[in-house]
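Analysis of the macromolecular model
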Amino acid sequence: MVAILLLLSALQLTASSAFSVGAGFAITSSSANGRASSSRLQMSEFMTHYEDIQVDTDHAMSVFDITPQIEAIVKKSGCKEGTVTVLSKHSTVSVSINEMEGRLSDDIRQFFLNLAPPHLPYLHNDLDYRVGPEDWPGGDEAWREFRRTQPVNTHSHLIAMMLGTSECIPISGGEMKKGKYQSILMVDIDGPKSRGIAVQITGGK
């Protein structure tokens, strides 16, 4: 029993010395011969930074390169090592990483509109059968007036689900570590509208 307790104490001491957290943190790894290596990651200050960006779209399904806006926010934040999360704030707007090239943008539109054609008899497009919230101001009649202004856009929701609504990109050395031909694309499938994108950066300065 004494030997087991001594072994557990030794393991606890080793674990606590290998990973320490304070004003910053340090990670020490062991080499093959059992000696602690000199490689050490230190972060002086944990940080988080949030911003919204707005994009005005110009037609029913449009592709925009928002990489420059995200890069500017990363630089402004001062984050050196961490991640940036980019999230669409709309159920008919997608965020995806791919190449930004004009003809490819046309291919994206054609491909996804063929997968989810706007003209099919979707249930969501039956505006008269949409049930409103119980506490809608003005009751059911006011809800009926409001829903008549809503678009028939089931295909937009379906395409957004296929493309996805967020991306997470690593930051190292103060820069996003993405591929040479990768861009952060915002795809509005239900425009033209003013769209919001949430940008959250976490890491260390």
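In what follows, the accompanying structure is described. Worth saying up front: this structure is predicted, and the values here are computed from it rather than measured.

**Side note on the sheet that holds strand 10 (residues 183-188)**
One open sheet accounts for three strands, arranged 5-10-7; its pairing is antiparallel. In the strand order of this sheet, the two ends are held by strand 5 (62-65) and strand 7 (93-98), each with one partner. Each neighbouring strand pair of the sheet contributes to a mean axis angle of 30°, computed without reference to strand direction. The pairing of strand 5 with strand 10 spans four bridges and is classified as antiparallel. Residue pairing for strand 10: phenylalanine 64 is matched across the bridge by methionine 186.

**Regarding the packing of helix 3 (residues 102-115) against helix 5 (residues 154-163)**
In the contact formed by helix 3 and helix 5, the axes pass within 10 Å of each other and the chain directions differ by 115°. Seen from above, helix 3 lies across helix 5 with right-handed handedness. Contacts from Phe112, Leu113 and Leu115 of helix 3 reach helix 5 at His155, Ile159, Met162 and Leu163. Partitioning the contact of helix 3 with helix 5 into residue classes produces six nonpolar, one polar and no charged.

Analysis parameters
- Residues numbered from 1 in each chain as written.
- Predicted model: local features only at pLDDT ≥ 70, side-chain atom pairs only at ≥ 80, totals over all residues.
- Heavy atoms only, no water.
- Pairing = 2+ DSSP bridges.
- Helix = DSSP H or I, 4+ residues; strand = E, 2+ residues; numbered from the N terminus.
- Axes fitted to C-alpha atoms, helices over the stretch in contact; angles between N-to-C directions.
- Left-handed = near helix turned anticlockwise from the far one by under 90°.
- Contact = heavy atoms within 4.5 Å.
- Nonpolar A, V, L, I, M, F, W, Y, C, P; charged D, E, K, R; others polar.

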